[in-house]
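Secondary and tertiary structure notes
The residues making up each chain are set out below.
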Amino acid sequence: MIILNLLPIVFVVRLENKTFTFRLKYLAVTIFYLRLDENFSTKKRIFFVPLKKKKAKHSKQDEANEKLSWDERIIRKSQEIQKKAYAKIDELNGENTARKADDKENLGKKKYKRIRKEKLKIGLALIKGIWKRSKKILKRTSIKDLSLNFIITDADAADCAIKYGYVNAGVYNIINIVSQKINVSLKKIFIDCSYRRVEETTVRESIYNGSFKIKITLGTIIFCLIGLVFDVGRKS
């Protein structure tokens, strides 16, 4: 227990120049890395292995269909639809088919409702378990090296001042609320406003940069997960 509490897991979050980065670090080693830029292109890796999207595997039938002309594809598709339609007609013409279909539909609805109730119970159990253990998790969680760099710009001085006031109030109020539940250590907070024009028709873009680390011990995560498993097991 003591060893687990001495081994912290650190989540590093950074937003800089419209680029979001996230790192999961354990014992100063990056386990998971995610980078998302303004064009929504991502870079992911686990340890040192980059994660790439797997190419969809094409079956022989798909390759054969790609070689067909547009008219041949339409003809083949219509033949498939006709086969399915005739098979359905033959099925409906059988004896007691309507009754069997109704019974199957009723069974399907009952099964769907039962599965839905079970999922709802599990979801409620998870929410209750997380809420019950949230105080313990927050007590052993800390936010380190919180750094914010905001430069508010606008062509109009009055609008720029209003935005500056909103950002100041929002940032410091949020930090005050969070620090009542979690230990927060500040590194640097810089908020400024600038309404000067660069050219006659263009204005500087506002800058929103920031980073912080969320630190939590491995023992806290393990024991909370074990507690959640027991909670879900009791409800299911």
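Residues numbered from 1 in each chain as written. Predicted model: local features only at pLDDT ≥ 70, side-chain atom pairs only at ≥ 80, totals over all residues. Heavy atoms only, no water.

Overview of the pairing of strand β1 (residues 8–16)
- Of the strand pairs in this sheet, β1 and strand β8 (residues 207–217) are connected by eight bridges, and their pairing is antiparallel. In the strand pairing of β8, Val13 is matched with Phe212.
- Taken together, the eight bridges between β1 and strand β2 (residues 19–26) define a ladder with antiparallel strand orientation. Bridged to Val12 within β2 is Arg23.
- Following β1, the chain reverses through two residues before pairing antiparallel with β2; Asn17 in that reversal takes a positive phi of roughly 50°. (Pairing = 2+ DSSP bridges. Helix = DSSP H or I, 4+ residues; strand = E, 2+ residues; numbered from the N terminus.)

Digging into the side chain of Asp154
- Mapping Asp154 onto the fold places it in the loop between β6 (141–153) and α5 (157–179).
- Looking at Asp154, its side chain comes within polar contact range of the main-chain nitrogen of Asp156, at 2.9 Å. (Polar contact = N/O pair within 3.5 Å; in protein donor to acceptor, adjacent residues only side chain to side chain.)

Here we look at α5
- Its 23 residues give α5 an end-to-end C-alpha distance of 33 Å, which sits within 8% of 33 Å, the value for a rise of 1.5 Å per residue.
- Those residues of α5 that fall on the buried side of the exposure criterion are Cys160, Val167, Asn168, Val171 and Ile175.
- Packing partners of the buried residues in α5 comprise β6 and β7 (183–194).
- For α5, the side-chain oxygen to backbone nitrogen distance between the N-cap and Ala158 is 3.0 Å, and the N-cap itself is Asp156. (Expected span 1.5 Å × (residues − 1). Buried < 20%, exposed > 50% of the residue type's maximum accessible area, 1.4 Å probe, protein only. Contact = heavy atoms within 4.5 Å.)

Some thoughts on the packing of aromatic side chains
- Under the criterion given, the structure shown has three aromatic pairs.
- Seen from their ring centres, Phe22 and Phe32 are 6.4 Å apart, and the 55° between their planes marks the pair as tilted. In this pair, Phe22 sits in strand β2 while Phe32 sits in strand β3 (residues 29–36), placing the two residues ten residues apart along the sequence.
- Using a relative accessible area of 24% as the deciding quantity, one classes Phe32 as partly exposed.
- A network of ring pairs unites the aromatic residues Phe11, Phe22 and Phe32 as a single cluster.
- If you follow Arg45 out to its NZ or CZ, it ends over the ring of Tyr33, 4.4 Å from the centre. (Phe/Tyr/Trp six-rings, centres within 6.5 Å; stacked < 30°, edge-to-face > 60°. Lys NZ or Arg CZ within 6 Å of the ring centre and 35° of its normal.)

Section: the nonpolar core
- In this structure, Leu146, Leu148, Phe150, Ile152, Val167, Val171, Ile175 and Ile191 together form the largest nonpolar core, which totals eight residues.
- Looking at this core, the elements that each hand over two or more residues are β6 and α5.
- Ignoring anything within four residues of it in the chain, the contact list for Ile175 reads Leu146, Leu148, Leu186 and Ile189. (Core = buried A, V, L, I, M, F, W, Y, C linked by side-chain atoms within 4.5 Å.)

A word on a positive patch on the surface
- Taken together, the side chains of Lys135, Lys136, Lys139, Arg140 and Lys181 present a region of like positive charge at the surface.
- Judged by relative accessible area, which is 64%, Lys135 ranks as exposed. (Patch = residues over 30% accessible without salt bridge, like charges linked within 9 Å, V, L, I, M, F, W, Y side chains within 5 Å. Areas by Shrake-Rupley, 256 points an atom, 1.4 Å probe, with all protein chains shown as cover. Salt bridge = Lys/Arg side-chain N within 4 Å of Asp/Glu carboxyl O. Lys, Arg positive; Asp, Glu negative; His and termini not counted. Charge placed at Lys NZ, Arg CZ, Asp CG, Glu CD.)

Notes on the environment of Arg140
- Secondary-structure assignment places Arg140 in the loop between α4 (97–139) and β6.
- Expressed as a C-alpha distance, the spacing of Arg140 and Ile221, which sit 81 residues apart in the sequence, is 10.0 Å.

Topic: a nonpolar patch on the surface
- A grouping of Val29, Ile46, Phe47, Phe48 and Leu51 is seen on the molecular surface, where their side chains present a nonpolar patch of about 500 Å² in accessible area.
- Mapped onto the elements, Phe48 comes out in the loop between β4 (42–46) and β5 (49–50).
- Note on Phe48: relative accessible area 75%, which makes it exposed.

Some thoughts on the pairing of β8
- Pairing geometry for β6 and β8, over nine bridges, is antiparallel. Note on β8: the bridge partner recorded for Phe150 is Tyr208.

Quick word on the sheet that holds β5
- Ordered in space as β5-β4-β3-β2-β1-β8-β6-β7, the eight strands form an open sheet in which the pairing is mixed. Each of the sheet's edge strands pairs with one partner strand only, and the pair in question is β5 and β7.
- Both β2 and β3 contribute to a ladder of seven bridges, which runs antiparallel. Bridge pairing in β3 places Tyr26 opposite Val29.
- Lying over the sheet, α5 contacts β6 and β7, oriented at roughly 175° with respect to β7. (Axes fitted to C-alpha atoms, helices over the stretch in contact; angles between N-to-C directions.)

A look at the confidence of the model for the protein
- Per-residue pLDDT for the protein averages 77, and the proportion of residues at 70 or more is 77%.
- Averaged pLDDT values for the elements of the protein fall to 54 in helix α1 (residues 2–5) and rise to 89 in β4. (pLDDT = per-residue confidence, 0-100.)

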